[in-house]
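Architecture at a glance
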Amino acid sequence: MIKLLMVLLWLVFIVMTVSQLFYLQYRDKQILGIKFSKAHSMEEDVTRVVASCRKVCLGILFLSVGFSLIMLIPALQEYGEFIMLFLIICNIFSNGFIIRYYQKKLLTIKKVNDWEYSRNNLITIDLNVSREKGKASISAFWVWLFFLLSFIPTVILLVNPKMRQTYPLALSFIGPFSQLCASLVYYQLKNLPTKLPNINPELRLIYAHKQERINSITGTLSALSMLIFWCLFNISILYTNSSIPIIAPVIILVVGLLGIAHWQQKKLRSLEDTFAGTISDVNEELYEEEPKWKWGFYHNPKDPRILVPKRLSGMGWTFNTGHPVGRALSLAILLVLFFILGVVFYGSGKDYQFTVKDSELIIDAAMYDMTIDKDQIASVSIISTLPKGIRTNGYGGIRKSYGNFQINDYGPCKLYIYNDLGKFIVLELTTTTPSYVIINKKTLEDTEALYYDINNWISK
C-alpha cells in the first residue's frame, strides 16, 4: 500500500513539473503568464531566465521525490496519507513560489528594456452586442438539472433512516454544494464581457454570439464534470474499502476541468483568428496587467467578476480576491484544505483506546467513538483472518481501518483495527446496525490480553 501511495505521489510531482515546463515555452504570446512579443521572447536575457527556471523546476521535482522516501521509514508509515497530502501541498506551494519569483524577473527585464505594449485594435463596448447578450448561450436548465440530481443521495438518506447510521446525512450535501459552485461558474462564464476586434458590426455580433456559446458550453460541461465527480465519489464510498479509490474521482475531476479549460481556450483562440486574422504584437493581447495580481492571485476590486481566467493561459479559472464573494470563497477553500489535512493527520495518528467501565465498553477513536453496553454483547470470539468487505464510511488507511464497514459473512460492522496484525476480536451484538464490532490492538500480545479482559468483564 505504501508503495502505491508513493507511485501516486511521484505522478503528481511529474505532472506538476511538466506543467511548469510547458508554460516556460513561448505560447499564446506568454512566458509564465508574462506578455512578450515574439522577438522579445528570444532575447538573451529572457532565454537565460527561462533556462534558470527550468533547472529549478527539475530540482524541485528531484527534491520532492527525495523527501517522499521518508514514507519508507517504518515509524512514519502510519502517517502515510498525511505525509502524502503534506508533500503535495508543499510541492504546489514551492512551484507557485518559483513561478512568482521568475515572473518578477521577467517583468524586471521588460521594465529595464522598456518593452511596453500599447492598447489598441479592440472595441470593448457595442450596444447591439449588449442587447443580444444571453441569446446564444446554452440554457441554464442543464446546470440546474445537475444541481437537482445531486440531491439524490440526500433524498435516499431521508427516506431510509437506517442508511444514515452508515452514511452521515451531512456528507450528502457535498454534492449539492459542489453543483451550486458549478452553477456560479456557469453564470460567470456566460456573463463574461466580450472583447471585440475591429471588424464590421455584423461580424461583431456573430463573433459575440460564438464567444458566448463557447463560454456557456464550458460552464455546462464543468457542471456535468462536477456531477460525474459526485457519482463516482458516492460509488467509491459505498463499494471500496480503501482510501485510494476515493482519490480517483478527485483526480478525474481535476483532469476533466483542465481539459475543458484547455478546450475553451483553444476554441476562443481559433475564433479570434477566424474573425480578426493575425493580430500584431502591439495590441491588447500583450498589455500587461501586473498591478492586478498579488501573491499569484487576481485582485481587482473594480472588476465585477468573481471568476477570472488564470494568468497562465489555458490553466482554467481563479477567484478575484478583490471581490468580496471571491475573497470569501478563496478563504473557504483554504480552510477546507487545512481541515482535510488535520482530519487525515488526526485519524492516522490517534490510537484506539478501549476502556471497560462498569457495564460499558467505551471505544475512543477519531470521530467514531462508540459505547457498548454489556447487555448488547451476544458473544465474543477471536479470528486470525478478516473476510473482505467494503467501507460505507470511515477511514481506511495503510495501517488502520475504522468506522462503518460491510464485511462478508458478518454484514454491517464497526471496525477499529490495525490492518496487518493477523488477529481480530469479534463482538457479536444483539443490534442489527452494526451487527458486529471488530477490534484489535497494536500487538498480538495486547490483543490477546484485551480479549481475555473482555471475557472476564462479561462473565462478571
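Residues numbered from 1 in each chain as written. Predicted model: local features only at pLDDT ≥ 70, side-chain atom pairs only at ≥ 80, totals over all residues. Heavy atoms only, no water.

1. Brief notes about the environment of Lys 423
- Turning to its location among the elements, Lys 423 is positioned in the loop between strand S15 (411-418) and strand S16 (424-429).
- Between the alpha carbons of Lys 423 and Leu 444 there is a distance of 6.7 Å; along the sequence they are 21 residues apart.
- Excluding anything up to four places from it in sequence, Lys 423 contacts Ile 382, Ile 383, Ser 384, Asn 440, Leu 444, Thr 447 and Glu 448. (Helix = DSSP H or I, 4+ residues; strand = E, 2+ residues; numbered from the N terminus. Contact = heavy atoms within 4.5 Å.)

2. Points about the nonpolar core
- Ranked by size, the top nonpolar core spans 23 residues in total, and within it Ile 363, Ile 372, Tyr 416, Leu 427, Val 437, Ile 439 and Ile 454 carry the most contacts.
- When contributions to this core are tallied by element, the ones reaching two or more residues are strand S10 (360-364), strand S11 (370-373), strand S12 (377-383), S15, S16, strand S17 (436-439) and helix H12 (444-459).
- Core analysis: the next-biggest nonpolar cluster, separate from the first, contains 19 residues, Tyr 23, Ile 34, Val 50 and Ile 109 among them. (Core = buried A, V, L, I, M, F, W, Y, C linked by side-chain atoms within 4.5 Å. Buried < 20%, exposed > 50% of the residue type's maximum accessible area, 1.4 Å probe, protein only.)

3. Concerning a negative patch on the surface
- Taken together, Asp 358, Glu 360, Asp 373 and Asp 375 make up a surface patch of like negative charges.
- Tracing the sequence through the fold places Asp 358 in the loop between strand S9 (353-357) and S10.
- A relative accessible area of 67% places Asp 358 in the exposed class. (Patch = residues over 30% accessible without salt bridge, like charges linked within 9 Å, V, L, I, M, F, W, Y side chains within 5 Å. Areas by Shrake-Rupley, 256 points an atom, 1.4 Å probe, with all protein chains shown as cover. Salt bridge = Lys/Arg side-chain N within 4 Å of Asp/Glu carboxyl O. Lys, Arg positive; Asp, Glu negative; His and termini not counted. Charge placed at Lys NZ, Arg CZ, Asp CG, Glu CD.)

4. What to know about the pairing of S17
- On S17, burial covers both faces: Tyr 436 and Ile 438 on one face and Val 437 and Ile 439 on the other are all buried.
- Connecting S16 to the antiparallel partner S17 that follows it, the hairpin turn spans six residues. (Pairing = 2+ DSSP bridges.)

5. Here's the deal with the sheet that holds S17
- Spatial ordering of the open sheet is given by S12-S16-S17-S15-S14-S13, a layout of six strands whose pairing is mixed. Among the strands making up the open sheet, the edge pair consists of S12 and strand S13 (389-396). Along the sheet, successive strands turn relative to each other by an average axial angle of 20°, direction set aside.
- As defined by bridge partners, S16 adjoins S17 across four bridges and the pair is classed as antiparallel. Directly across from Glu 428, in S17, lies its bridge partner Tyr 436.
- Strands in contact with H12 are S12, S16 and S17; relative to S12, the strand with the most contacts, it is inclined by about 160°. (Axes fitted to C-alpha atoms, helices over the stretch in contact; angles between N-to-C directions.)

6. What to know about the packing of helix H3 (residues 44-68) against helix H4 (residues 80-112)
- Two elements in contact, H3 and H4, have axes separated by 11 Å at closest approach and are oriented at 170°. Judged on the interaxial angle alone, H4 and H3 are roughly antiparallel. Each of Asp 45, Val 46, Val 49, Ser 52, Cys 53, Val 56, Cys 57, Ile 60, Ser 64, Phe 67 and Ser 68 in H3 lies in contact with H4, whose residues at this interface are Leu 87, Asn 91, Ser 94, Asn 95, Ile 98, Tyr 102, Lys 105, Leu 106 and Ile 109.
- Class assignment for the residues of the contact of H3 with H4 results in 12 nonpolar, six polar and two charged. (Parallel < 35°, antiparallel > 145°, perpendicular 65-115°, else oblique. Nonpolar A, V, L, I, M, F, W, Y, C, P; charged D, E, K, R; others polar.)

Such coordinate-based values are descriptive only and should not be taken to indicate function.
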